[in-house]
Amino acid sequence: MRIGVLGTGNMADALATHWARAGHDVAIGGRDVTKAERLAARIGDGAQPAGLDAAAEFGEVVLAALPFGAGAEVVRELRAALDGKALIDCANPVGPGFRLLTPDGSSAAEQLAAAAPGAQVVKAFNLCHEDVWRMAPPVFDGRRLAVPVCGDDEAALAQVRTLVRDAGCRPVAGGGLDRAGLLEATAALFIGLWVGEGADVQAIAPPLAYAAGPGPQESGRSVVGSST
């Protein structure tokens, strides 16, 4: 698969490294071509530097590894090159006080979709720090990291699920792009708990078997004769 990466920061580095090692053709695009050259050299495995426009043209799939606030502007400039392509958004619109910066329930992913209407935007890779994505692979307590993926186009979702697996993770269906805001809100909550409170976020959710409540044996109650 040909992957164009928009950006030369930590997320671009972490994810593109996995994909280049998995055998994909990767082009690192940046406004500063020198930074793109340095990152491509560090990634190795055939990664090549490019300008933003060239990276967008190159990729069958394009990763927008851009800060919130800059993403929509860059994508709008490149909308013609992104037409018909899967565009991965990994941004978190989180500001001071761990609050969302997006207005009225909109999402950063939907802003990219509005900036490039012909692109198939997929929200993924936004719930973890870049150092987690650098792990090869991200495995915790014997379980591969699960990555929720939100989008509306099945072909684009299939491509992104492949890239999730190539990063050593397990894709999880997160619904349509209208649910991307929930992923971004989850990131804001988790970052606030991790950073602000030092809380163990993994301890919030019960095991899957208990997601709908404990069964009769676990609850210590019998359903026989129950009025509920």
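Whatever comes next refers back to the structure up there.
Student: Please clarify how the pairing of strand 8 (residues 120–123) should be interpreted in this entry.
Tutor: Working note: regular strand, side chains alternate between the two faces of the sheet. The pairing of strand 5 (residues 86–89) with strand 8 spans four bridges and is classified as parallel. By the bridge assignment, alanine 86 is partnered in strand 8 with glutamine 120. Pairing of strand 8 with strand 11 (residues 146–151) involves two bridges; the strand directions are antiparallel. What sits directly across from lysine 123, in strand 11, is cysteine 150.

Student: When you look at the sheet that holds strand 11 in this model, what are you seeing that I'm missing?
Tutor: Within a sheet, adjacent strands bond to each other through the backbone by hydrogen bonds, running parallel or antiparallel. With respect to topology, eight strands assemble into an open sheet ordered 3-2-1-4-5-8-11-12, the strand pairing being mixed. Two strands in the sheet have a free side with no partner beyond their single neighbour: strand 3 (48–50) and strand 12 (170–173). Neighbour-to-neighbour, the strand axes of the sheet open up by a mean angle of 30°, direction not taken into account. In the sheet, strand 1 (residues 2–6) pairs with strand 2 (residues 25–29) via five bridges, with the strands oriented parallel. Bridge pairing in strand 2 links isoleucine 3 to valine 26. The sheet contacts of helix 6 (residues 108–115) involve strand 4 (61–64), strand 5 and strand 8, and relative to strand 8 the element is tilted by about 170°.

Student: Looking at this model, I keep getting lost on a nonpolar patch on the surface. Mind explaining?
Tutor: A cluster of nonpolar residues, Phe98, Trp194 and Val195, forms a patch on the protein surface that exposes about 300 Å² of accessible area. Along the chain, phenylalanine 98 falls in the loop between strand 6 (94–95) and strand 7 (99–100).

The rules behind each value
- Residues numbered from 1 in each chain as written.
- Predicted model: local features only at pLDDT ≥ 70, side-chain atom pairs only at ≥ 80, totals over all residues.
- Heavy atoms only, no water.
- Pairing = 2+ DSSP bridges.
- Helix = DSSP H or I, 4+ residues; strand = E, 2+ residues; numbered from the N terminus.
- Axes fitted to C-alpha atoms, helices over the stretch in contact; angles between N-to-C directions.
- Contact = heavy atoms within 4.5 Å.
- Patch = residues over 30% accessible without salt bridge, like charges linked within 9 Å, V, L, I, M, F, W, Y side chains within 5 Å.
- Areas by Shrake-Rupley, 256 points an atom, 1.4 Å probe, with all protein chains shown as cover.
- Salt bridge = Lys/Arg side-chain N within 4 Å of Asp/Glu carboxyl O.

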